[in-house]
Amino acid sequence: GKGILSSTGLSILQQYFKTINGLCPTVPCTVTNVGNVYTLTPFNISPQVLNYFSYWSFSFVAPATSSGLVTATVVPTTGALPTLPVMKTHGSAQATLNDLTVDLFYVMYYVDTLNGGNGAFVII
């Protein structure tokens, strides 16, 4: 042919890209904040998020300054994931008033051993 990929060929290349990108991902996200619950939605080009995996990181720009105890959730490809505490100081304390500042860039990691083994995010 004409050198144009079919939809199947394009789909396969997109899956390869997601697989390679997913080897050690920092998932870029848009985020909303309601009542100090930061809801992160991965970009369309991001690896598929189906669950939380230890040491996966999520990046975002805070839409608001935190005004109390901070929690977060990530919107997965399908279904829902739990809302978890966002920790500071290497996971030793929960983020709270003014720990996240509007319009600043953050990276947070999921760590499964925190929060009594239920997992939490650690903000960097």
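Located above this text is the structure these notes cover.
Residues numbered from 1 in each chain as written. Predicted model: local features only at pLDDT ≥ 70, side-chain atom pairs only at ≥ 80, totals over all residues. Heavy atoms only, no water.

A cluster of nonpolar side chains, Leu5, Leu10, Ile12, Leu13 and Tyr16, forms an exposed patch at the surface whose accessible area comes to about 500 Å². Within the secondary structure, Leu10 is located in helix H1 (residues 7–21). Judged by its relative accessible area of 42%, Leu10 falls in the partly exposed class. (Patch = residues over 30% accessible without salt bridge, like charges linked within 9 Å, V, L, I, M, F, W, Y side chains within 5 Å. Areas by Shrake-Rupley, 256 points an atom, 1.4 Å probe, with all protein chains shown as cover. Salt bridge = Lys/Arg side-chain N within 4 Å of Asp/Glu carboxyl O. Helix = DSSP H or I, 4+ residues; strand = E, 2+ residues; numbered from the N terminus. Buried < 20%, exposed > 50% of the residue type's maximum accessible area, 1.4 Å probe, protein only.)

Another aspect to go through is the side chain of Ser46. Secondary-structure assignment places Ser46 in the loop between strand S2 (37–42) and strand S3 (57–61). A distance of 3.5 Å separates a polar atom in the side chain of Ser46 from the backbone oxygen of Pro28. (Polar contact = N/O pair within 3.5 Å; in protein donor to acceptor, adjacent residues only side chain to side chain.)

On to the environment of Thr39, then. Following the sequence through the fold, Thr39 ends up in strand S2. When the C-alpha atoms of Thr39 and Cys29 are compared, they prove to be 9.2 Å apart, with 10 residues separating the residues in sequence. Each residue touching Thr39, except ones within four places of it in the same chain, is listed here: Thr30, Val31, Thr32, Thr73 and Val75. (Contact = heavy atoms within 4.5 Å.)

Our next topic: unusual backbone geometry. The backbone phi angle of Thr89 is positive, close to 40 degrees, even though this residue is not glycine. Positive phi values are uncommon outside glycine, yet Asn98 reaches one of about 65 degrees. On the secondary structure map, Asn98 appears in the loop between strand S6 (93–94) and strand S7 (105–111). When its relative accessible area of 48% is taken as the criterion, Asn98 is described as partly exposed.

Bringing the environment of Pro42 into the picture now. Within the secondary structure, Pro42 is located in strand S2. Along the chain, Pro42 and Pro76 lie 34 residues apart, while their C-alpha atoms are 7.9 Å from each other. In this view, Pro42 contacts Val27, Pro28, Cys29, Val49, Val74 and Val75; residues no more than four positions away in its chain are not counted.

Once that is clear, we can look at the side chain of Asn36. By the secondary structure assignment, Asn36 is in the loop between strand S1 (26–34) and S2. In this structure the side chain of Asn36 is engaged in a polar contact, spanning 2.8 Å, whose partner is the backbone nitrogen of Ser67. Ignoring any residue separated from it by four or fewer positions in sequence, one finds Asn36 in contact with Ser66, Ser67, Gly68, Leu69, Val70 and Thr71.

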